[in-house]
Structures are given as C-alpha cells and as structure tokens.
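Chain and residue survey
Here are the chains, one letter per residue:
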Amino acid sequence: LAYCCKRLLAAKLWPNQGGGQWRHGVKQKGFEVLCVSQFTLYGTLSKKNQPDYKLSMKAIPAQKLYNKFLDMLRSEYDNEKIFDGRFGAMMDVELINDG
C-alpha cells in the first residue's frame, strides 16, 4: 500500500508552467484526489458470460485495506484534499477527460 500511495501522489500527469508535458504531480499542483473503490476490476467472465468475482477480495478485508490506503494518502498529502465515495455502493462518477 505504501508503494501505491507514493506512486499515486508522485505521478507526473500535468504540464508545468512552461508547457512541458508530464512534469507535475498532484502535490505540486495542489489538486484534490477522488478515490473510488472498484472491486469489479478483479472480475472475470464465466463460461456462461456472467460476471464472476470469486477471486476478488471479500468485502470486509477489502474495505479495511481501502480505508488503510485512504489513511496513508491523507497522512502523506493534505487530509482536506483526499475524498472517497461510499465503499461497496453503486456510484455514478462523472469526469472530464483532458487529452
């Protein structure tokens, strides 16, 4: 988790003032971070073409791990700039994709 936290906060995804691409990260820009738990990313399709999540982490340990990750982000960055949705809830997330 520490590795993921460090990489997320250090990822250089935005240009600098001079227009150089991939130069600044979340911390440098002072941006907010929205974390959305997504257990369904670890799903497969059964032979009947139905979703199968047997290999994904079970809800209780997954939520504990997710909360620990959020705590790490908040301690490494700015607590007021780390947001999350409701774990395990159906959420509609809207974004503007730049690029």
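Residues numbered from 1 in each chain as written. Predicted model: local features only at pLDDT ≥ 70, side-chain atom pairs only at ≥ 80, totals over all residues. Heavy atoms only, no water.

Below, the discussion takes up the environment of V93. When you line up the elements, V93 lands in the segment after β4 (82-84). In the structure, V93 is positioned 59 residues away from L34 in sequence and 9.9 Å away in space, judged by C-alpha atoms. In this structure V93 touches L34 and V36, once residues within four positions along its chain are discounted. (Helix = DSSP H or I, 4+ residues; strand = E, 2+ residues; numbered from the N terminus. Contact = heavy atoms within 4.5 Å.)

Attention now moves to the pattern of salt bridges. Any two side chains of opposite charge can pair if their charged atoms end up close together. One pass over the structure, following the stated rule, counts two salt bridges. Between K54 and D52 there is a salt bridge, with its nearest N and O atoms 3.8 Å apart. Its relative accessible area of 66% is what places K54 among the exposed residues. (Salt bridge = Lys/Arg side-chain N within 4 Å of Asp/Glu carboxyl O. Buried < 20%, exposed > 50% of the residue type's maximum accessible area, 1.4 Å probe, protein only.)

Orientation of helix α1 (residues 2-10) relative to helix α3 (residues 59-76), taken along the N-to-C sense of each, is 50 degrees, at an axis distance of 10 Å. By the criterion of interaxial angle, the relationship of α1 to α3 is oblique. Relative to α3, the crossing made by α1 is right-handed. Contacts between α1 and α3 involve A2, C4, C5, L8 and L9 from the first element and F69, M72, L73 and E76 from the second. The residue inventory of the contact of α1 with α3, partitioned by class, reads eight nonpolar, no polar and one charged. (Axes fitted to C-alpha atoms, helices over the stretch in contact; angles between N-to-C directions. Parallel < 35°, antiparallel > 145°, perpendicular 65-115°, else oblique. Left-handed = near helix turned anticlockwise from the far one by under 90°. Nonpolar A, V, L, I, M, F, W, Y, C, P; charged D, E, K, R; others polar.)

This next bit is on the packing of aromatic side chains. Two aromatic rings, taken as a pair, are described by how far apart their centres are and by the angle between their planes. With the rule as written, the count across this model stands at two aromatic pairs. Both rings, one in Y66 and one in F87, keep their centres 5.7 Å apart while their planes meet at 40 degrees; by these two values the pair is tilted. A residue pair is termed long-range when its members are at least 10 positions apart, and Y66 in helix α3 and F87 in the segment after β4 qualify at 21 residues. A relative accessible area of 11% means that Y66 is categorised as buried. (Phe/Tyr/Trp six-rings, centres within 6.5 Å; stacked < 30°, edge-to-face > 60°.)

Let us look at the confidence of the model for the chain. Here the chain averages 90 in pLDDT, while 97% of its residues score no lower than 70. Per-element averaging of pLDDT across the chain places strand β3 (residues 51-52) at the bottom with 87 and α1 at the top with 96. (pLDDT = per-residue confidence, 0-100.)

The topology assignment puts L9 in helix α1. On a C-alpha basis, the gap between L9 and K27 in space is 6.5 Å, while along the polypeptide they are 18 residues apart. Not counting the four nearest positions on each side in its chain, L9 is found in contact with V26, K27, L73, E76 and Y77.

Across soluble globular proteins, you tend to see nonpolar side chains buried next to one another. If you look at the biggest cluster of nonpolar residues, it comprises eleven residues: C5, L9, V26, V33, C35, Y66, F69, L70, L73, Y77 and I82. Take this core: its biggest share by element is four residues, from α3. In this structure Y66 touches C35, V36, S37, D84 and F87, once residues within four positions along its chain are discounted. (Core = buried A, V, L, I, M, F, W, Y, C linked by side-chain atoms within 4.5 Å.)

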